[in-house]
Amino acid sequence: MMNWTKRSLIGAVLVAMTAMPVVAQEKIRAVVIDGYPDRSLWVREFTNFFIPEVDRRLAETGTYAMDWQENYGGSIVKPKGVLEGIQLGLGDIGIVTTIFHSSKLPSQGLAAVTPFVSSDARAVAKAIDEIAREYPAMQNEFAAQNQVYLATGVVLDSYQVFSKNKITKVSDMEGLKVAGAGMNLRYLEGIKDAAGVVGGLTDFYNMLQTGLVDAALLWPEAAATFKISEVAPFMLKANLGAVNSKTVTVNADYWNALPDEVKDVLKAVAIDYRDHLAGIAMDIAAESEATFVAGGGEITELSEDQRAAWANAMPNIAQELVTTLNAAGEPGTEMLDAYLAKLAADGFVGARDWSKP
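Rules and cut-offs
Residues numbered from 1 in each chain as written. Predicted model: local features only at pLDDT ≥ 70, side-chain atom pairs only at ≥ 80, totals over all residues. Heavy atoms only, no water. Core = buried A, V, L, I, M, F, W, Y, C linked by side-chain atoms within 4.5 Å. Buried < 20%, exposed > 50% of the residue type's maximum accessible area, 1.4 Å probe, protein only. Helix = DSSP H or I, 4+ residues; strand = E, 2+ residues; numbered from the N terminus. Contact = heavy atoms within 4.5 Å. Pairing = 2+ DSSP bridges. Axes fitted to C-alpha atoms, helices over the stretch in contact; angles between N-to-C directions.

**Q** Looking at this structure, how should I read the nonpolar core?
**A** The nonpolar side chains of a soluble globular protein tend to be buried, and buried together. Counting 122 residues, the largest nonpolar core has W42 and W310 as the members making the most contacts within it. Ranked by the residues each element gives to this core, the list is headed by helix α9 (residues 260-283), at 10 residues. Not counting residues within four places of it along the chain, the set of residues in contact with W310 comprises F116, V161, V170, M173, Y187, I191, A238, L240 and L302.

Structural data, given as structure tokens:
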């Protein structure tokens, strides 16, 4: 018969407690939404990087654990509905495609209104996100939509032109119908009789296949993912530039109820997600172009002279944005100059100086 002493009993209890797994004291539900399918790069990496990294950091203290409920591909909102969905509380955390909301989120358009400057997703993501933290305009715009800004992401190395027929120079685009979204449709305004047709990434294949459009503005990774080479086998490598189009936001009411520890982790991981996403975009850019060619596509590079001619034929959409921001009491001129200066410091000088009216 075993003889338990008080000391041995206490020791046994301590050993048992040590062997037991640490259980988080509080479980926090997080409904994540995006209207795009889970095969989309930014959605995939939210699942594969953002969520596990938040879990890992919270596990270091074991005080909180997230109960993630992911909803993509239109299960709660369509691609254009994430901003409103987060505003209304249909989701707690979302990836807002900002190019659909230029009137509500004008300052998010800084990269979009400065084409032909940088095709480096990492540099653009970092510069835009720094502007968002140095100037209150971007965060205020999201606050007006009942949201808290976490970080801006860039998922494309550069917009290019994908077409049904071969394009070698800007004049070849005259009279074409070109699919695009948001501000990039303005890039066509300097091209004679070219018409922009609004569409979403998930629509471009059908738009091209049915002849609704002759070409589309998108980036190589998306072209490979959505098999665009099947319906638009020609890519004009114009290097229109990397553009931020994804911003991680949180419903403000949900955010205010979160513990500070969880807030700090979400903010920190959002920045890491920003850099992770941009890095992947650059890593797979060349691979995606190779996939496009392997799928039957052909790539033609636009000359520097033609790039400059295209840029200078456009209206100065950067100054239009500056005027809008200045009129709203925001430092639009300063924000544009600061953004271009950040890119210049990284070695990126555009085919046109957008800071000059």
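**Q** Would you mind showing me how to read the sheet that holds strand β5 (residues 159-163) here?
**A** Backbone-to-backbone hydrogen bonds pair the strands of a sheet. The strands run either parallel or antiparallel. Spatially, six strands are ordered β7-β6-β8-β5-β9-β11 in an open sheet, and the strand pairing comes out mixed. Each end of this open sheet is capped by a strand with a single partner; those strands are β7 (195-198) and β11 (298-301). Taken pair by pair, the neighbouring strands of this sheet meet at an average axis angle of 30°, ignoring direction. Relative to strand β9 (residues 234-241), β5 runs antiparallel, the two being bridged by four bridges. The residue of β9 that forms the bridge with Y159 is G241.

**Q** Just checking my understanding: could you explain the environment of P52 for this structure?
**A** Locating P52 in the fold gives a position in helix α2 (residues 41-59). When its relative accessible area of 38% is taken as the criterion, P52 is described as partly exposed. Distance from P52 to P315, taken between C-alpha atoms, is 44 Å for residues 263 residues apart in sequence. Dropping the residues within four chain positions of it, P52 is found in contact with F46 and T47.

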